[in-house]
Protein chains: 2
Amino acid sequence: MPGVEVKEIFSGHIKEKGLRNTRQREIILEAFLSANKHITVEDLFNIVKKKHPEIGYATVHRNLKLMCESGLAEEIKIGTSKAKFELKYGHEHHDHLICLNCGKFIEVNDEKIEKLQVKLAEENDFQPVRHKLEIYGFCKKCR
Amino acid sequence: MPGVEVKEIFSGHIKEKGLRNTRQREIILEAFLSANKHITVEDLFNIVKKKHPEIGYATVHRNLKLMCESGLAEEIKIGTSKAKFELKYGHEHHDHLICLNCGKFIEVNDEKIEKLQVKLAEENDFQPVRHKLEIYGFCKKCR
DNA sequence: GGGTTTATTGATAATGAATATCATTATTGT
DNA sequence: ACAATAATGATATTCATTATCAATAAACCC
Ligand SMILES: [Mn+2]
Ligand SMILES: [Mn+2]
Ligand SMILES: [Zn+2]
Ligand SMILES: [Zn+2]
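About the cut-offs
Residues numbered from 1 in each chain as written. Chains lettered and ligands numbered in written order. Predicted model: local features only at pLDDT ≥ 70, side-chain atom pairs only at ≥ 80, totals over all residues. Heavy atoms only, no water. Domains from an automatic or database assignment. Contact = heavy atoms within 4.5 Å. Buried area = accessible area lost by both parts, 1.4 Å probe. Salt bridge = Lys/Arg side-chain N within 4 Å of Asp/Glu carboxyl O. Polar contact = N/O pair within 3.5 Å; in protein donor to acceptor, adjacent residues only side chain to side chain. Nonpolar A, V, L, I, M, F, W, Y, C, P; charged D, E, K, R; others polar. Donors = N, O, S within 2.8 Å, 3.2 Å for Na, K, Ca; no water. Helix = DSSP H or I, 4+ residues; strand = E, 2+ residues; numbered from the N terminus. Buried < 20%, exposed > 50% of the residue type's maximum accessible area, 1.4 Å probe, protein only. Tetrahedral: all angles 85-135°; square planar, octahedral: opposite > 155°, others 65-115°. Near = heavy atom within 4 Å. Pairing = 2+ DSSP bridges. Axes fitted to C-alpha atoms, helices over the stretch in contact; angles between N-to-C directions.

Draft legend 1. A look at the domain arrangement of chain A. Residues and elements named next belong to chain A. What the domain assignment reports for chain A is domain 1 (4-87) and domain 2 (95-137). Here domain 1 and domain 2 have C-alpha centroids that lie 25 Å from each other. With seven residues of domain 1 at the contact, the number on the domain 2 side is seven residues. Roughly 540 Å² of surface becomes buried between domain 1 and domain 2 when both sides are summed, with 61% attributable to carbon and sulfur atoms. Taken together, domain 1 and domain 2 are joined by one salt bridge. Residue Lys-37 is joined to Glu-107 by a salt bridge in which the shortest nitrogen-to-oxygen separation is 3.1 Å. Along the contact surface separating domain 1 from domain 2 lie five residue pairs in polar contact (both at pLDDT 80 or more). Tallied by class, residues from the side of domain 1 that touches domain 2 come to two nonpolar, one polar and four charged.

The structure is reproduced here in C-alpha cells:
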C-alpha cells in the first residue's frame, strides 16, 4: 500500500484547515504519487485526464498547490519554464544538478555545503529559512 | 570617468557582432551603470524615461538582454517576480541572501562552498557550468 | 556628401504560465 | 434531509516577457 501514510497526512491537513475531501483530490493525489517526480501541472493534468477527462486543469493546479501548503509536495522553479512539483514527504532535503542539454535532474545532497550555508548566513547577520542550490551543466550522457 | 571601460567593452561587442551603436544604447547603458544593482527592466525604463521620454520599454528590455549577452550584465530570476539585472563586469561571482520580508539582497561568496559544489558535481559525473545559490530568510532589520 | 543596406527603434500585439472568477455541484455537520 | 459553504470546471484575467512591423537611422561604400 504505497502512499497510504501520505494520503492520511493530506486528508488530515485538509480537515485541520476546514477544507473538504473530494473524489478529485484523491484521484489527483494518487496520480501524483504514482507519477515521476519533477512533474508539471500540465503533465499531471494529462495523466489524470486519461481516466478522468472530467477533471479540469484548474483543479489539478489548485490541488498541487494545496499539496505544497500541506508540506507533502514542493514546487521547483527553474528559469522561466513551467514549475515542477516533487514529492517532499519521505524525501530528505536535496538540491539539483540540472543538465543544460537534456534537462535531466539529479538529486544531490552535501552536508558540508548545507552547514557552510548556515554559517555564511549567520556571518552576515542573516537568519536562513530555506535555500535553493542549482548546479547547471552537462550530465554523463550529454557532456 | 567611471564606466569608460565598460562602455568600450559594450561598444566592442556590438561591432564584433555586426550590430550598431545607437544613441539609445549609450543612454541606457549609462543609466544602468549609474543605477542600483538588482534593477528591473521597468525600474531602468522609468529612470531613462525622465530625461528621454521618447525611449521605449522594449528598447530598454532589448538592451539589457544585449548587455547580458555581452557578459556585462547578468539576469537574476527570483521566483515569479520580475527579473533583475546586475552589473557583472568588475564584480566577482557571488550568491545572494534574500530577505523574505523586505526583499533585501545581500551579496556573498564562500570559496569553500564553491569548491564543494564542483566536487559534488564531479562525484555525480556531472560537468558544472554555472550555478545558483540563493538563501532565503530574514535580514538583520527584519528578523 | 549622397546613396544603399539593414540593424534598431517604439508602439503595440502576442505569448504563455499562473491565477482569478463565478455559476454550478458536492461535501460536511447537524 | 437540510443548510452552509468549500470545491469544481470552464473560462477569463493578469502579468512578465518576447515578437511583430513600419518607420527610422547607423554604417559602409562610392
Ligand atoms: Mn541544500
Ligand atoms: Mn556561488
Ligand atoms: Zn543531459
Ligand atoms: Zn529584510
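Draft legend 2. Quick look at the coordination of the manganese ion (ligand 1). All names here are of chain A. Looking at the manganese ion (ligand 1), one finds its protein donor set to be His-93 (NE2), Asp-95 (OD), Asp-95 (OD), Glu-114 (OE) and His-131 (NE2), positioned 1.9 to 2.8 Å from the metal centre. Mapping the donors of the manganese ion (ligand 1) onto the primary sequence yields the spacing H-x1-D-x18-E-x16-H. Note that Asp-95 is positioned in strand 4 (residues 95-99) and His-131 in strand 6 (residues 127-138), a separation of 36 residues in sequence. Judged by relative accessible area, which is 21%, His-131 ranks as partly exposed.

Draft legend 3. Just the interface of chain A and chain B, in detail. Taken residue by residue, the interface counts 36 residues in chain A and 36 residues in chain B. Summed over both sides, the interface between chain A and chain B buries roughly 3500 Å², with carbon and sulfur atoms accounting for 66% of that surface. When the area that chain A buries against chain B is broken down by residue, the three leading residues are Leu120(A), Phe126(A) and Lys132(A), summing to 19%. With its nearest N and O atoms 3.8 Å apart, the salt bridge here joins Lys140(A) to Asp125(B).

Draft legend 4. Spotlight on the coordination of the zinc ion (ligand 4). All names here are of chain B. Coordination of the zinc ion (ligand 4) by the protein involves Cys-99 (SG), Cys-102 (SG), Cys-139 (SG) and Cys-142 (SG), with metal-donor separations of 2.2 to 2.5 Å. Each of the four donor atoms bound to the zinc ion (ligand 4) contributes to angles spanning 99 to 116 degrees, and the resulting shape is tetrahedral. Each donor residue of the zinc ion (ligand 4) belongs to the same chain, with the gaps between them written as C-x2-C-x36-C-x2-C. Here Cys-142 lies in the segment after strand 6 (127-138) and Cys-102 lies in the loop between strand 4 (95-99) and strand 5 (105-108), a separation of 40 residues in the sequence. The exposure class of Cys-102 is partly exposed, given its relative accessible area of 46%.

Draft legend 5. Focus on the protein's contact with DNA strand D. Near DNA strand D, the surroundings consist of 20 residues, among which Arg20(A), Arg25(A), Thr59(A), Arg62(A) and Ala83(B) are the closest. Close to the protein, within 4 Å, the atoms of DNA strand D belong to sugar or phosphate groups at a rate of 70%. Here Arg20(A) contributes a side-chain N or O atom positioned 2.7 Å from a base oxygen of DNA strand D. At a separation of 2.8 Å, a phosphate oxygen of DNA strand D approaches a polar backbone atom of Ala83(B). When residues of the surface near DNA strand D are traced back to their parent elements, those giving at least two are helix 2 (23-34) and helix 4 (57-69) of chain A together with helix 4 (57-69) of chain B. Looking at which element gives the most residues to the surface near DNA strand D, the answer is helix 4 of chain A, with four residues.

Draft legend 6. Focus on the pattern of salt bridges. Residue and element names in this part refer to chain A. Enumeration over the complete set of coordinates arrives at 16 salt bridges over all chains. Between Glu-75 and Lys-77 there is a salt bridge, with its nearest N and O atoms 3.8 Å apart. When salt bridges that share partners are traced, they join Lys-65, Glu-75 and Lys-77 into one network.

Draft legend 7. Representation of the sheet that holds strand 1 (residues 39-40) of chain B within the structure. Residues and elements named next belong to chain B. In spatial order, the strands read 1-3-2; together these three strands make up an open sheet with antiparallel pairing. Of all the strands in the sheet, just strand 1 and strand 2 (73-76) have a single pairing partner and so form its edges. Looking at chain direction, strand 1 and strand 3 (residues 84-87) are connected through two bridges and run antiparallel. Bridging across to strand 3, Ile-39 finds its partner in Phe-85. Its contacts with the sheet place helix 2 (residues 23-34) against strand 1, strand 2 and strand 3, and it is angled at close to 85 degrees to strand 3.

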